[in-house]
Amino acid sequence: MDLRPAYPRLQDGIYLKQLERPCVYDTRTDELYELSPEAMVFLSHCDGAHTISNLQPEEHFLAYCLEEGILELLSRAEPTVVRVGINELPSLRYLMVEVTERCNLRCRHCYLGEAGEKDMDPDLLLRLLDDLDDIGGLRLMITGGEPVLYPHFQCLNRALAGRTFRPVLITNGTLIDRSLLSTLNFREIQFSLDGLEEGHDFLRGKGSFRRTLEAVRETLVSGKEVSVATVLHRKNMHELEKLGRFLRDMGVHSWTLEYPVAMGRMAANQGLMPKIEEAAPFFSLEWGSGPHAGESGYACGAHLAAVDVSGRLMKCGYYRQLSGGSVSGGLRSAWRALPKMRLEGVCASCTEREGCGGGCRFRAELMDGPGGRDLLMCARLGMLS
Ligand code: SF4
Ligand code: SF4
């Protein structure tokens, strides 16, 4: 038997979070593990200063944590501080931040409409990062416009190192190259790729598909995780099966499809929107999950919020009027003040409500009026009558 002391320590990138339940989160893989109260107490003492014999963990649990890469065992004491984020009820897990209105493309379907030139105050943004650490957020999604055009992008990037959440960059990819990639502290890059060459370039401009694809390839080579989001439209539907196979073969981690919303430039291009009955079957092709799910009686986006360039907390990029006020007084108080949406109307009594959650409430309101159904989800679940 080996009698030398062993000091368990949380691995780099692993953090404890008090959400609806105690959890441990792996920012490297985006895995969230629920914990018993006893397991939470044990892991909160895994600071590289206590020995196994002091802590006396349950043997199977210790083995599981070592196997999952949650813990490492050190042969001598190397103390660190275990950080625990204490969240709210419901918990704020996913924060999308629009850092700039600038964009280098002029996509036909952009729901934000014409690009502006406003940028987020960098001091406010840095405070927001600290607040998200403090509240125990899981994912920070930096978006725009095109976020690489944010004049303080490198300042933001430097401030992301060592955070307790997973930074994700949402980009059109046309400005990402090897040299920029080598500096990035983002764990995941999400590219907008709206089809193969024909479908993508139709929406985003000639040559943009090749530039984005090159960036996807370079990002995969760099070892960062890549996800792709695709807006479904009339000119790319015939390409989607092939695109999905292509992305999977390349090693893309998740692929999500989005149905266009008739806002911004898309309001003038509604002829590009497929009928929902035509679009619904394609959603069986996607893989991976997004941050928009509902939970425990709350409608979609139960754990999601967005911040616009002026620092207003909003339910999401679509529900821009549903606000908790400015985050300048603190993210926590803005999240508390943000009205939470519950499932109401037809969806509240639907037999599919558990699996569906009422879909996207913004789309539901646009298509079927206040309290209405998300007809795309109804079609996907065979509930359209
Ligand atoms: S299937 Fe349709 S009616 Fe049922 S919960 Fe989903 S959106 Fe609402
Ligand atoms: S309204 Fe739509 S975009 Fe907004 S949180 Fe819900 S699902 Fe997401």
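Note on numbering: residues in each chain are counted from 1, in written sequence order. Starting at A for chains and at 1 for ligands, labels are handed out in the order in which the entities are written. Reporting of local features is limited, given that this is a predicted model, to residues whose pLDDT is at least 70; pairs of side-chain atoms are given and counted only at 80 or more, and all residues count toward the totals for whole chains, interfaces and linings. Think of the side-chain values as coming from all heavy atoms in the structure, minus any hydrogens and water.

K.L.:
Is there a simple way to explain the overall build of the protein in this structure?
P.N.:
By the criteria applied, helices consist of DSSP H or I runs no shorter than four residues and strands consist of E runs no shorter than two, each listed in order from the N terminus. Within the protein, the regular secondary structure consists of 15 helices and 15 strands. Over its C-alpha atoms the protein spans a radius of gyration of 22 Å, differing by no more than 12% from the 21 Å that the globule rule assigns to 385 residues. If you line up the protein on its principal axes, its C-alpha atoms span 70 × 50 × 45 Å. In the protein, which comprises 385 residues, the proportion classed as buried is 52%. In this description, contact between two residues means that some pair of their heavy atoms is separated by no more than 4.5 Å. A separation of at least 24 residues holds for 69% of the contacts in the protein among residues at least 6 apart in sequence. Surface summary for the protein: the accessible area is close to 17,700 Å², and the carbon and sulfur share equals 50%. Note that His is not counted, nor are the chain ends; the positive residues are Lys and Arg, and the negative ones are Asp and Glu. Lysine's charge is taken at NZ, arginine's at CZ, aspartate's at CG and glutamate's at CD. Side-chain charges of the protein comprise 44 positive and 52 negative groups, with the mean position of each set lying 4 Å from the other. Radius of gyration: over C-alpha atoms. The globule rule applied is 2.2 Å multiplied by the number of residues raised to the 0.38 power. Only protein chains enter the accessibility calculation, which uses a 1.4 Å probe; a residue is then buried when its area is under 20% of its type maximum, exposed when over 50%, and partly exposed in between. To be clear on the numbers: accessible area is Shrake-Rupley with a 1.4 Å probe, and residue cover counts the displayed protein chains and nothing else.

K.L.:
Looking at this structure, how should I read the sheet that holds strand β4 (residues 31-34)?
P.N.:
Where strands meet in a sheet, backbone hydrogen bonds hold them as pairs that are either parallel or antiparallel. Pairing between strands is defined by DSSP: at least two bridges between them are needed. Strands sit in the order β4-β3-β2-β6 across an open sheet of 4 strands; the sheet is mixed. The two strands at the open ends of the sheet, each matched to only one other strand, are β4 and β6 (84-86). The sheet shows a mean angle of 25° between the axes of neighbouring strands, direction not considered. Both strand β3 (residues 22-26) and β4 contribute to a ladder of 4 bridges, which runs antiparallel. Looking at the pairing, cysteine 23 lines up with glutamate 34 of β4. Simply put, an axis is a line fit to the C-alpha atoms, just over the touching stretch for a helix, and the angle between two N-to-C directions goes from 0 to 180 degrees.

K.L.:
Even after reading the chapter, I still don't get the site of ligand 2, so can you show me in this structure?
P.N.:
In this text, near means that some heavy atom of the residue lies within 4 Å of the molecule or strand in question. Close to ligand 2 lie His292, Cys300, Gly301, Leu304, Cys316, Tyr318, Tyr319, Cys360, Arg361 and Phe362, which account for all nearby residues. Across the shell around ligand 2, the residue classes break down as 7 nonpolar, 2 polar and 1 charged. What fixes the domain bounds is an automatic or database domain assignment. Two domains share the shell around ligand 2, each providing at least three of its residues, namely domain 2 (94-342) and domain 3 (343-385). Under the scheme applied here, ten amino acids are nonpolar (Ala, Val, Leu, Ile, Met, Phe, Trp, Tyr, Cys and Pro), four are charged (Asp, Glu, Lys and Arg), and all others, including Gly, are polar.

K.L.:
Please explain the domain arrangement of the protein as it appears in this structure.
P.N.:
A common way to express how large an interface is: the accessible area buried when the components associate. Domain annotation for the protein reports domain 1 (7-86), domain 2 (94-342) and domain 3 (343-385). Taking only C-alpha atoms into account, the centre of domain 1 sits 31 Å from that of domain 2. Listed by partner, the interface residues are 15 residues for domain 1 and 17 residues for domain 2. A 1.4 Å probe defines the accessible area here, and the buried area is the portion of it lost by two parts on being joined, summed over both. Interface area, domain 1 with domain 2, both sides summed: about 1,200 Å², of which 44% is carbon and sulfur. Any carboxyl oxygen of Asp or Glu within 4 Å of a side-chain nitrogen of Lys or Arg constitutes a salt bridge here. Joining domain 1 to domain 2, the criterion identifies 3 salt bridges. Across the pair aspartate 30 and arginine 139 runs a salt bridge whose closest N-O atoms are separated by 3.2 Å. We call two N or O atoms a polar contact when they sit within 3.5 Å, provided that within protein one can donate a hydrogen and the other can accept it, with sequence-adjacent residues counted only if both atoms are side-chain atoms. Summed over the shared surface of domain 1 and domain 2, the number is 9 residue pairs in polar contact (both at pLDDT 80 or more). Sorting the residues of the side of domain 1 that touches domain 2 by element identifies β2 (14-18) and β6 as the ones contributing at least two each.

K.L.:
What am I meant to see in the packing of helix α1 (residues 37-44) against helix α3 (residues 59-67) here?
P.N.:
Angle between the axes and distance between the axes: these two values describe a pair of packed helices. Closest axis-to-axis distance for the α1/α3 pair is 12 Å, and the angle between their directions is 60°. Classed by the angle they form, the pair α1 and α3 counts as oblique. Crossing angle aside, the handedness with which α1 passes α3 is right-handed. Contact with α1, carried on its side by Ala39, Phe42 and Leu43, involves Phe61, Leu62 and Cys65 of α3 and no other residues of that element. The class makeup of the residues in the contact of α1 with α3 is 6 nonpolar, no polar and no charged. If an angle is under 35 degrees, it is roughly parallel; if it is over 145, roughly antiparallel; if it lies from 65 to 115, roughly perpendicular; otherwise it is oblique. The crossing is said to be left-handed when, going from far helix to near helix, the turn is anticlockwise and less than a right angle, and right-handed when the turn is clockwise.

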